[in-house]
There are 2 protein chains.
Amino acid sequence: MNVTIYDVAREANVSMATVSRVVNGNPNVKPATRKKVLKTIEELGYRPNAVARGLASKRTTTVGVIIPDISNMFFSELARGIDDIANMYKYNIILSNSDQNIDKEIKLINTMLEKQVDGIVYMGSRLTDEHLKEFKTSPVPIVLAATIEPTNAIPSVNIDYEEAGYEATKLLIDNGHTKLAFVTGLDETTANKAKHQGFVQALEEIEQTVDQTNVFRGDLSYQSGLKAVESLFDQTEKPTAIFAASDEIALGVIHGIQDLGLNVPADVEVIGFDNTRLAMMIRPTLSTVVQPVYDIGAVAMRLLTKYMNKEEVEESNVILPHQIIKRSSTK
Amino acid sequence: MNVTIYDVAREANVSMATVSRVVNGNPNVKPATRKKVLKTIEELGYRPNAVARGLASKRTTTVGVIIPDISNMFFSELARGIDDIANMYKYNIILSNSDQNIDKEIKLINTMLEKQVDGIVYMGSRLTDEHLKEFKTSPVPIVLAATIEPTNAIPSVNIDYEEAGYEATKLLIDNGHTKLAFVTGLDETTANKAKHQGFVQALEEIEQTVDQTNVFRGDLSYQSGLKAVESLFDQTEKPTAIFAASDEIALGVIHGIQDLGLNVPADVEVIGFDNTRLAMMIRPTLSTVVQPVYDIGAVAMRLLTKYMNKEEVEESNVILPHQIIKRSSTK
DNA sequence: TTGAAAGCGCTAACAA
DNA sequence: TTGTTAGCGCTTTCAA
């Protein structure tokens, strides 16, 4: 059997309550007593049982993190931001991959709640009514990270994807292009839908229509970018500028274009999205929309700590600034 | 107050024990009773409290995962393997980043143990005596993933890094090179040290010496690969073939070489390590050592489940096969 | 400044 | 097949 608080109390000739106070840094303990208790804790190698503590105090200092896919660079960077701030506030994270699968997402929320997490950071895409119901009835606070809930009923941290999409497209237009294309994922996540809307808005300003010929829907992978080029350049109206919904797609797009014997940016300009480390790891280096990924995670976690501590929150739907970095894939 | 097992028992006119049996799928319950209990569980919206369960049963169905940096592609892929198998066996993971910082690693092990995890998957580099002491005195099983403990005293899952390093170098040598260089991290992790040894061994066979002129120690980043080229090609004896300890380094090396106006592989051949997705995202595509990263995580977690279930384990230090994929960065 | 004692919500003998 | 009951290890009043 393990050493318990009771063993320490007996050895140190004090009550469990006193040991508990020492362990929790309660100031109402005489220095001499504290020292004595600390000494026997050391001697016995006592390690507090967080589960028992959690049951008694109803706080586990653990938060749930539901993430589409940790092996995706975008999300792993986000997760890092979450964990760093969690750590700073003495929380640990239970991390689970959802693969954007709705049933799994719902199941994970419930598992997390069963495990009595003190809060949840949620990342996903399509939010169904079922999601919203879970969010709203949750006994602990939930914060959405890089996940849009149109009615802003749930606390969240995002950037303005539509505006960002508009700006990225506008940059291309300002460089003189009229044949633009947008390459995105198949089932557009809400964020990608917003980027899409920004794209459409910018095109409308120059009276260009948007249809199947200039929007390619694949997945969010490098391979998909490659395929997009095949498809897009197989048409009579070939694009001269491409806006990709992620850096990884952009990378595929650039290589696809190069494989066609064309030059980026001379023949075709390309702009990505996310500014993952990938952006610098390609030639030409990638112009892209900087989404402060790490910060989104960090701010989401910080926001969650406020809710968990029942602190006053002035703004529950945080929009972080984005910017566009021009590198060599655009002129 | 939340709905407890007691509330369900009262409403359903059965004892807590019966409710517990139903919840845990114990077959010793009359179907009619089960149905009745299930119904009131539904009605009351009862959600079992895993913390209370953990305290009573001494099992939390949670495992700790200590990882250097989840935002690093290599580790995030590993983590994905771990989580998938964990999920399959109904475990959740508490994930924490250590940044390879020894104090933090030790502290994390203790935090995990306080939280009563049922086991730990550990990834790190240098293992000190203090690490080993913690591993050996841990009340729950610990498995090392992609982490070498030279005496094999702790269960682990790895590939044969030395052999892999040897083979990678040999490939370069067989292509006719005598001026080879190895680019690695600063404080060599045990795995990188093994790669290094393989490099040395291969060079010894062609009677080439290894010194500062052909080993560059930076960190494991893209930038470091760039710097390595600067340094390596600033010497009179310039290498004609480079073995990089990771794909990300290799990417930097290739771009550094290209920036010098040289061609890969015509002027300099490059081979990487890990076969992360990056390997395909570069031109020329990267020849690299395939380390089954996802599998290492998956197998480590699987091994851990065996220990947690006190199953018989035939081999506690698993060596997974590696291979070398030749792409376009070598001839 | 300290201690006594009542839970926290559940599991797991054991008994019936 | 079901119920009773004693913990699991800790926090938290409340009283002293």
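Structure: above.
Before going into details, it helps to say that this report is about the structure given with it.

## Thoughts on the protein's contact with DNA strand D
- In the vicinity of DNA strand D, 26 residues are found, and the nearest of them are A:I5, A:S20, A:Y46, B:R21 and B:T33.
- In DNA strand D, the atoms that sit within 4 Å of the protein are 63% sugar and phosphate, with bases accounting for the remainder.
- Between DNA strand D and the protein, one listed contact pairs a phosphate oxygen with a side-chain N or O atom of A:Y46 at 2.5 Å.
- Within the side chain of A:R53, a nitrogen or oxygen atom sits 2.9 Å from a phosphate oxygen of DNA strand D.
- Those elements that provide at least two residues to the surface near DNA strand D are α2 (16–23) and α4 (50–57) of chain A together with α2 (16–23) and α4 (50–57) of chain B.
- A per-class count over the surface near DNA strand D returns 12 nonpolar, 10 polar and 4 charged.

## As for the protein's contact with DNA strand C
- Near DNA strand C lie 26 residues; those nearest to it are A:R21, A:T33, B:I5, B:S20 and B:Y46.
- Among the atoms of DNA strand C close to the protein, meaning within 4 Å, 64% are from sugar or phosphate groups.
- A:K58 places a side-chain nitrogen or oxygen 2.9 Å from a sugar or linking oxygen of DNA strand C.
- With respect to DNA strand C, the backbone of B:N49 contributes an N or O atom lying 3.1 Å from a phosphate oxygen.
- When residues of the surface near DNA strand C are traced back to their parent elements, those giving at least two are α2 and α4 of chain A together with α2 and α4 of chain B.
- It is α4(B) that contributes the most residues to the surface near DNA strand C, 4 residues altogether.
- Grouping the amino acids of the surface near DNA strand C by side-chain chemistry returns 12 nonpolar, 10 polar and 4 charged.

## Looking at the sheet that holds strand β10 (residues 287–290) of chain B
Residue and element names in this part refer to chain B.
- Spatially, β7-β6-β8-β9-β10-β12 is the arrangement adopted by the 6 strands of the open sheet, whose pairing is mixed. On the outer flanks of this sheet lie β7 (215–218) and β12 (323–325), each paired with one strand and no other. Direction aside, neighbouring strands of the sheet carry axes that sit 20° apart on average.
- Note that strand β6 (residues 180–185) and β7 share 4 bridges and pair parallel. Paired with G185 across the bridge in β7 is G218.

## Quick notes on the relation of the copies chain A and chain B
- For the pair chain A and chain B, the superposition axis carries a translation of 0.0 Å, the fit reaches an RMSD of 0.1 Å, and the rotation angle comes to 180°. Taken together, the turn and the small shift mark the pair as related by a two-fold rotation axis. Of every C-alpha in chain A, the one belonging to A:I94 sits nearest the axis of rotation, 2.2 Å from it.
- In this assembly, 100% of the residues forming the interface of chain A have copies in chain B that are likewise at the interface, indicating an isologous arrangement.

## Topic: the packing of aromatic side chains
- By the definition in use, this model includes 12 aromatic pairs over all chains.
- Geometrically, the ring pair formed by B:F182 and B:F243 is tilted, given 5.0 Å between the ring centres and 35° between the ring planes. With a gap of 61 residues between them, B:F182 in strand β6 and B:F243 in strand β8 (residues 241–244) connect regions that are remote in the sequence.
- A relative accessible area of 0% places B:F182 in the buried class.
- Taken together, a centroid distance of 6.2 Å and an interplanar angle of 40° make the contact between B:F243 and B:F273 tilted. In this pair, B:F243 sits in strand β8 while B:F273 sits in strand β9 (residues 269–274), placing the two residues 30 residues apart along the sequence. For the residue pair B:F243 and B:F273, the accessibility class agrees, reading buried in each case.
- Taken together, the aromatic side chains of A:Y161, A:F182, A:F199, A:F243 and A:F273 make up a single cluster linked through ring pairs.
- Positioned above the aromatic ring of A:F273, the side-chain terminus of A:K195 is 4.1 Å from the ring centre.

## A look at the interface of chain A and chain B
- Between chain A and chain B, the contact holds 51 residues from the first and 51 residues from the second.
- Between chain A and chain B, the buried area comes to about 4,700 Å², and carbon and sulfur atoms account for 51% of it.
- If you sort the residues of chain A by the area they bury against chain B, A:R47, A:R80 and A:M281 come out on top, with a joint share of 15%.
- The interface formed by chain A and chain B contains 8 salt bridges.
- Put simply, chain A and chain B have 30 residue pairs in polar contact (both at pLDDT 80 or more) between them.
- Of the residues contributing to the side of chain A that touches chain B, the split by class is 22 nonpolar, 15 polar and 14 charged.

## A closer look at helix α9 (residues 190–205) of chain B
Residues and elements named next belong to chain B.
- Here α9 contains 16 residues, and its C-alpha end-to-end distance of 23 Å stays within 8% of the 22 Å for a straight helix at 1.5 Å per residue.
- Within the span of α9, buried status applies to T190, A191, N192, A194, K195, H196, G198, F199, A202 and L203.
- The inward-facing, buried residues of α9 abut α8 (161–174), β6, β7, β8 and β9.

## Regarding unusual backbone geometry
- Of note, the amide linkage connecting A:R283 to A:P284 takes the cis form, showing an omega dihedral of -5°.
- Structurally, A:P284 is set in the loop between β9 (269–274) and β10 (287–290).
- Geometrically, the link from B:V264 to B:P265 is a cis peptide bond, its omega value of 10° lying close to zero.
- With respect to the helices and strands, the residue B:P265 is situated in the loop between α11 (247–259) and β9.
- With a phi angle near 50°, A:A146 is a residue other than glycine that sits in the positive phi range.
- Within the secondary structure, A:A146 sits in the loop between β4 (142–145) and β5 (156–158).
- For A:D274, which is not glycine, the phi dihedral falls at a positive 120°.
- For A:D274, a relative accessible area of 8% corresponds to the buried category.

## Concerning the sheet that holds strand β11 (residues 317–319) of chain B
- One open sheet holds the 12 strands; their spatial order is β11(A)-β5(A)-β4(A)-β3(A)-β1(A)-β2(A)-β2(B)-β1(B)-β3(B)-β4(B)-β5(B)-β11(B), and the pairing between them is mixed. In the strand order of this sheet, the two ends are held by β11 (317–319) of chain A together with β11 of chain B, each with one partner. Across this sheet, the average inter-strand angle for adjacent strands is 20°, counted without regard to direction.
- Looking at chain direction, strand β4 (residues 142–145) of chain B and strand β5 (residues 156–158) of chain B are connected through 2 bridges and run parallel.

## Remarks on the environment of B:A191
All names here are of chain B.
- Relative to the helices and strands, A191 resides in helix α9.
- We classify A191 as buried; its relative accessible area is 12%.
- As for A191 and E162, which are separated by 29 residues in sequence, their C-alpha atoms are 8.0 Å apart.

Definitions and limits used
- Residues numbered from 1 in each chain as written.
- Chains lettered and ligands numbered in written order.
- Predicted model: local features only at pLDDT ≥ 70, side-chain atom pairs only at ≥ 80, totals over all residues.
- Heavy atoms only, no water.
- Near = heavy atom within 4 Å.
- Polar contact = N/O pair within 3.5 Å; in protein donor to acceptor, adjacent residues only side chain to side chain.
- Helix = DSSP H or I, 4+ residues; strand = E, 2+ residues; numbered from the N terminus.
- Nonpolar A, V, L, I, M, F, W, Y, C, P; charged D, E, K, R; others polar.
- Pairing = 2+ DSSP bridges.
- Axes fitted to C-alpha atoms, helices over the stretch in contact; angles between N-to-C directions.
- Least-squares fit on C-alpha atoms with pLDDT ≥ 70 in both.
- Contact = heavy atoms within 4.5 Å.
- Phe/Tyr/Trp six-rings, centres within 6.5 Å; stacked < 30°, edge-to-face > 60°.
- Buried < 20%, exposed > 50% of the residue type's maximum accessible area, 1.4 Å probe, protein only.
- Lys NZ or Arg CZ within 6 Å of the ring centre and 35° of its normal.
- Buried area = accessible area lost by both parts, 1.4 Å probe.
- Salt bridge = Lys/Arg side-chain N within 4 Å of Asp/Glu carboxyl O.
- Expected span 1.5 Å × (residues − 1).

Taken by themselves, the reported measurements are silent on function.
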